[in-house]
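# Residue-level structure breakdown
What follows is each chain in one-letter form.
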Amino acid sequence: QVQLVESGGDLVQAGGSLRLSCAASGSIFGITAMGWYRQAPGKQREMVALISSSDRTIYADAMKGRCTISRDNAKNTVYLQMNSLKPEDTAVYYCAAGYRESGTWRINYWGQGTQVTVSS
């Protein structure tokens, strides 16, 4: 099993920045993809950003240019730097881990989530 622990969620004003962190532990050998999803009230969970073990990244269109995903392999930690935050970015942000194979991203593990609230 893989355990994912998020931190960094907070209340921030529109236009502000936050950095989310996710530390992975457990049976992480072989994990080749990590990243972030979010779920706003009444909406489906959606991908925000993913990064592979070879540092390939993908971003949701809504977040392109406003966030950067990175990873520290020595710490088994993935980060999400978010800038120019908008009220519509308010959501629970979930850390995710899984595999990238043949161009397909597959998520197998989820964190408990961290709340990000952006006030107008």
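Scroll up a little and you will see the structure.
We now turn to the structure provided with this report. Remember, predicted model here, so these are calculated numbers, not experimental data.

Definitions and limits used
- Residues numbered from 1 in each chain as written.
- Predicted model: local features only at pLDDT ≥ 70, side-chain atom pairs only at ≥ 80, totals over all residues.
- Heavy atoms only, no water.
- Phe/Tyr/Trp six-rings, centres within 6.5 Å; stacked < 30°, edge-to-face > 60°.
- Lys NZ or Arg CZ within 6 Å of the ring centre and 35° of its normal.
- Disulfide = S-S within 2.5 Å.
- Helix = DSSP H or I, 4+ residues; strand = E, 2+ residues; numbered from the N terminus.
- Buried < 20%, exposed > 50% of the residue type's maximum accessible area, 1.4 Å probe, protein only.
- Pairing = 2+ DSSP bridges.
- Contact = heavy atoms within 4.5 Å.

All right, on to the packing of aromatic side chains then. Each aromatic ring pair is summarised here by two numbers: the centre-to-centre distance and the angle between the ring planes. What the rule picks out here adds up to one aromatic pair. Between the NZ or CZ atom of R45 and the centre of the ring of Y94, over which it lies, the distance is 3.7 Å. For the cation-ring pair, R45 lies above W110, with the distance from its terminal atom to the ring centre recorded as 4.6 Å.

Enumeration over the complete set of coordinates arrives at one disulfide. Across the disulfide from C22 sits C95; the S-S distance is 2.0 Å. Between C22 and C95 the disulfide shows an S-S torsion of about -85°. By sign, it is left-handed. Note that C22 is positioned in strand β3 (residues 18-26) and C95 in strand β9 (residues 91-101), a separation of 73 residues in sequence. Across this residue pair, the class does not change: C22 and C95 are buried. No disulfide involves C67; its nearest neighbouring cysteine sulfur is the one of C95, lying 14 Å away.

Along the polypeptide, N73 turns up in the loop between β7 (67-72) and β8 (77-82). The partly exposed category is assigned to N73, whose relative accessible area is 49%. Counting along the chain gives 49 residues from N73 to A24, while the straight-line C-alpha distance between them is 10.0 Å.

What follows concerns the pairing of strand β11 (residues 114-119). Burial of β11 is one-sided: the residues T114, V116 and V118 facing one way are buried, the residues Q115, T117 and S119 facing the other way are not. When strand β2 (residues 11-13) meets β11, the two strands line up parallel, connected through three bridges. Across the sheet, L11 pairs through a bridge with T117, a residue of β11. When β9 meets β11, the two strands line up antiparallel, connected through three bridges.

Attention shifts here to the pairing of strand β1 (residues 2-7). Because side chains alternate across β1, one face comprises the buried residues V2, L4 and E6, and the other comprises Q3, V5 and S7, none of which is buried. Pairing analysis gives six bridges linking β1 to β3, with the strands arranged antiparallel. Bridge pairing in β3 links V2 to G26.

Our next topic: the environment of I69. With respect to the element layout, I69 can be found in strand β7. Judged by its relative accessible area of 5%, I69 is buried. Excluding anything up to four places from it in sequence, I69 contacts M34, G35, W36, A49, L50, I51, T57, Y59, V78, Y79 and L80.

Scope: geometric values only; no functional claims are made or implied.
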